[in-house]
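Chain by chain, the residues run as shown.
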There are 2 protein chains.
Amino acid sequence: MLSPSFLAHLRTLLPAHCVLNEREDLRPFESDGLAAYRNTPDVVVLPETEAQVAAILELCHAHRVAVVARGAGTGLSAGALPVDGAVLLVLAKLNRIKAIDPLARTAVVEPGVRNLAISEAAAAYNLYYAPDPSSQIACSIGGNVAENSGGVHCLKYGLTVHNIAKLRAWTVDGKLLEIGSDALDAPGYDLLALLTGSEGMLAVITEVTVKLLPRPERAQVVLAAFDDVAKAGAAVGNIIAAGVVPAGLEMMDRLAIQAAEAFVHAGYPMAEALLLCEVDGVNEEVSADIYTVRQVLEASGATEIRTADSEEQRLRFWAGRKAAFPAVGRLAPDYYCMDGTIPRAQLPHVLQRIGALSAEFGLAVANVFHAGDGNLHPLILFDANTPGELERAEDFGGRILELCVEAGGTITGEHGVGLEKIKQMCAQFAAPELTRFHDVKAAFDPERLLNPGKAVPELHRCAEWGAMHVHAGQLPHPELPRF
Amino acid sequence: MLSPSFLAHLRTLLPAHCVLNEREDLRPFESDGLAAYRNTPDVVVLPETEAQVAAILELCHAHRVAVVARGAGTGLSAGALPVDGAVLLVLAKLNRIKAIDPLARTAVVEPGVRNLAISEAAAAYNLYYAPDPSSQIACSIGGNVAENSGGVHCLKYGLTVHNIAKLRAWTVDGKLLEIGSDALDAPGYDLLALLTGSEGMLAVITEVTVKLLPRPERAQVVLAAFDDVAKAGAAVGNIIAAGVVPAGLEMMDRLAIQAAEAFVHAGYPMAEALLLCEVDGVNEEVSADIYTVRQVLEASGATEIRTADSEEQRLRFWAGRKAAFPAVGRLAPDYYCMDGTIPRAQLPHVLQRIGALSAEFGLAVANVFHAGDGNLHPLILFDANTPGELERAEDFGGRILELCVEAGGTITGEHGVGLEKIKQMCAQFAAPELTRFHDVKAAFDPERLLNPGKAVPELHRCAEWGAMHVHAGQLPHPELPRF
């Protein structure tokens, strides 16, 4: 619990409406997008200026109070889950687009700016911001940086880390770090990349300079149906091997197709698997790539191939994919969205193993994912009101992540580790890497005040692997800040 | 000096021909590509296996002996300059290409593999490795990673950090770190990016998994002459603003043009400035881009525009640019190659200021550089045998770097900081950033045994700014490992 004197001091730093600690005001901040994990914050602060952020950090540091930073709260790994006794620092009110420079092809934005709002503002210059998480209408760029978010188009255009140039960030004790540069590269260790994906554990970001790209002259999409998931998986590899760099290459399995079709009537053919392959660029380049993609799909055994013949049809092809998560959500009271990556060549094998695990756990799974990247998003269907089903879904999800590691992949593509995957970090890394992570953390935050207990497990937890289960946001013995 | 007992122990770890400490054997290792800075190493080791690297690190750590890693020795910032009392760890014999995977589009290589050798080996699959430093015939991939090297094509294809997927690296005490992944992304802090560009100060790399790209169907180059350097600088911004992403966009000034023309007879027109703009991709895309580029160049006031009409002519257009450094080298007994970056919009202003500084210092300067990236390479001409000229060239170079910082740029684009630019790090960064660098260093190497004294200055040195001059590889009071 936070002391009344600390709270009184906190209130002197911000306008009254920017500090929340009435029970009903706190409820919206109990969880992020992984709603199965909940914890009521002790206090929520919503600074409106960078100076307020610095003052909050300074005060918390002086009192050794932990700080959990939060953006729009759309994260899917409980990275922004409140921690007992900590201040929840919500950056949503820092939402100005400060500058767009069409010559440098950059935009300078505050962390609370929504991902899509950047592209909307840059459209006046025929530019856009490439990374496009499914949540891009709602998610904010600060959260994108914290989790190194991806999206459909990151196959061609890279993750968040590849699309930012500069950060203003504040250390745990409220000192400014100016990282990166307006030029090609910056000297010294690459702190820009180090902070990107660091899940609020190294510093608090108050400004992001993002790189913008010219909007492609044309985008075109091909849809292909397969009577076998493994064939569709192999087709993904074949497209890449043919030298095409698709702007997006997405896959859905039967359950996901059925759900999407019932929900948005995109006109998908019923099949065991669908691929959506988008290419973009100048007009003739797109035509050439579409020709190649169709040939490869045919040779890979597609039972049906359709090319969108208008922009309206292209958007309809995508509508089913984009609505797939809520569509699958209609099939069961709850679903649990996983996020693992595997080398492309492993797609057929891993999809078959997920099917076998589905039978073993008695829980249905729909697969909707960034196939070109090997970035899986199995959606596990369950009913949290049936005793034991949430635990079963969590165990099934954990097994999928461990399967990704066995296949030479990783436990996250774009959602981060948060609290959700902290156990699987022990499967992903050995002691030397985990030790280095802790040492890097100590270089920024030796007392572990920033988002304590997330992303990197204690070594002793990995040693006690069998006993380590994250359930509904609770570890058996939560990590505490170390003083 | 290293003790005889340490040397004797070292000799038990490697075959006799892999340990050099006779004076004449050490001479080739006195300097890297920045030959004005020299220091004879105490001992050179050339391990042939990863296990030998680990054993050398373990031994050095046990005896608290510093280690300077070195690749092909083509670096230009004295990053591989030997340090007194240290072991020089040369990774040139680890030079196997272990695997090329055309489906994953990756190659697994040892650090001593030459940059160009990767593309040569990948050509069988119609793939190549994009980053292309001017030294790519000779430089090795380990050094590229250590310095985060760029090249002509990094405008479109990114720096080394954007083109690698995985590293095997060894900690200062000889423990293996497996960093990155074969999949899209890796969880945890981004140690892959952190080690890239870390100049041998965090770990020693023994294996690199690089990303390969499909070879573009066609590349085409346009050459444009200008009667004014500032106009050429503005044209660079105009090309980018027109929405073109050139594969390379290079600039040369009058002195560089004359030198190149006299050396390789590329057929360049005499002018105050030349731009070379290359575009690549599928055939029609290239045609469309070339059309746009020519229009922009005309509108920007080019006095002459030529498009290469054959592959042979394209290579001839590039021949002058590629030979520009040695060509300029014929104009004076010595030259000093700088490497700063600036925002593109600052090109006309900064080029004019460099001209003014040239007059002030009484030293000619030729400009040959990656204009699209704003990555300058002024070549300062001097004669080291004229007393005081080396110091004057060094001071002039330092002023150029400080000018880059003032213009919102950085003190290095692709050559690293090494020992050369350690003073200008004080201009680039304030105490909070420098402190964070030291803390990150301590997370990997708390006793500062890896490449001590390079890349990141002590804070007290920045405080004593005026007294800090690096001259011919010597700081007034060299940094020492801290025990």
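Please read these numbers as outputs of a predicted model, since none were measured by experiment.

1. Digging into the overall build of chain A
Phase 1: The number of helices and strands found in chain A is 17 helices and 20 strands.
Phase 2: For 483 residues, the compact-globule estimate of 2.2 N^0.38 gives 23 Å, and the C-alpha radius of gyration of chain A, at 22 Å, lies within 12% of that figure.
Phase 3: Along the three orthogonal principal directions, the C-alpha set of chain A runs to about 70 × 55 × 45 Å.
Phase 4: Split into buried and exposed, the 483 residues of chain A put 62% on the buried side.
Phase 5: Counting contacts in chain A only where the partners sit at least 6 residues apart, residues at least 24 apart contribute 71% of the total.

2. Considerations on the packing of helix α1 (residues 4-11) of chain B against helix α3 (residues 50-62) of chain B
Residue and element names in this part refer to chain B.
Phase 1: Relative to each other, α1 and α3 sit at 160°, their axes nearing to 10 Å. By the angle between their axes, α1 is roughly antiparallel relative to α3. Both α1 and α3 take part in a crossing whose hand is right-handed. Between α1, through F6, H9 and L10, and α3, the contact on the second element is made entirely by I56, L59 and C60.
Phase 2: Counted by class, the contact of α1 with α3 contains five nonpolar, one polar and no charged residues.

3. Comments concerning a negative patch on the surface
Phase 1: Taken together, A:E217, A:E284, B:E217 and B:E284 make up a surface patch of like negative charges.
Phase 2: Assignment of secondary structure puts A:E284 in helix α10 (residues 283-299).

4. A word on the UniProt feature "domain: FAD-binding PCMH-type" (unreviewed entry) in chain A
Phase 1: The UniProt feature table records "domain: FAD-binding PCMH-type" (unreviewed entry) at residues 37-215 of chain A.
Phase 2: As a span, residues 37-215 of chain A carries 21% helix and 25% strand, and end to end its C-alpha atoms are 39 Å apart.

5. Notes on the interface of chain B and chain A
Phase 1: Counting residues at the interface gives 65 residues for chain B, matched by 65 residues for chain A.
Phase 2: For the pair chain B and chain A, the summed buried area comes to about 5500 Å², and 67% of that belongs to carbon and sulfur atoms.
Phase 3: Counting the surface chain B buries against chain A, the share from its top three residues, B:L184, B:P187 and B:Y189, is 16%.
Phase 4: At the surface where chain B touches chain A, the tally comes to zero salt bridges.
Phase 5: At the level of secondary structure, the elements contributing two or more residues to the side of chain B that touches chain A comprise β9 (176-180), α7 (191-195), α8 (229-241), α10 (283-299), α15 (425-428) and α16 (431-444) of chain B.

6. Some points on the relation of the copies chain B and chain A
Phase 1: Mapping chain B onto chain A leaves a residual RMSD of 0.0 Å; the transformation is a rotation of 180° accompanied by 0.0 Å of translation along its axis. On this basis, the relationship between the two copies can be described by a two-fold rotation axis.
Phase 2: A symmetric contact is evident, with 100% of the interface residues of chain B recurring at the interface of chain A.

7. Remarks on the pattern of salt bridges
Phase 1: The tally for this structure, following the rule as stated, stands at 52 salt bridges over all chains.
Phase 2: Note that B:E272 is salt-bridged to B:R254, the shortest N-O span being 2.8 Å. You can see B:E272 sitting in the loop between α9 (254-264) and β14 (273-281) and its partner B:R254 sitting in helix α9, a full 18 residues away along the chain.
Phase 3: Among the charged side chains, a salt-bridge network with shared partners connects A:R23, A:R27, A:E30 and A:R38.

The rules behind these values
- Residues numbered from 1 in each chain as written.
- Chains lettered and ligands numbered in written order.
- Predicted model: local features only at pLDDT ≥ 70, side-chain atom pairs only at ≥ 80, totals over all residues.
- Heavy atoms only, no water.
- Helix = DSSP H or I, 4+ residues; strand = E, 2+ residues; numbered from the N terminus.
- Rg over C-alpha atoms; globule rule 2.2 N^0.38 Å.
- Buried < 20%, exposed > 50% of the residue type's maximum accessible area, 1.4 Å probe, protein only.
- Contact = heavy atoms within 4.5 Å.
- Axes fitted to C-alpha atoms, helices over the stretch in contact; angles between N-to-C directions.
- Parallel < 35°, antiparallel > 145°, perpendicular 65-115°, else oblique.
- Left-handed = near helix turned anticlockwise from the far one by under 90°.
- Nonpolar A, V, L, I, M, F, W, Y, C, P; charged D, E, K, R; others polar.
- Patch = residues over 30% accessible without salt bridge, like charges linked within 9 Å, V, L, I, M, F, W, Y side chains within 5 Å.
- Areas by Shrake-Rupley, 256 points an atom, 1.4 Å probe, with all protein chains shown as cover.
- Salt bridge = Lys/Arg side-chain N within 4 Å of Asp/Glu carboxyl O.
- Lys, Arg positive; Asp, Glu negative; His and termini not counted.
- Charge placed at Lys NZ, Arg CZ, Asp CG, Glu CD.
- UniProt positions renumbered as here; feature names shortened; annotations may be inferred.
- Buried area = accessible area lost by both parts, 1.4 Å probe.
- Least-squares fit on C-alpha atoms with pLDDT ≥ 70 in both.

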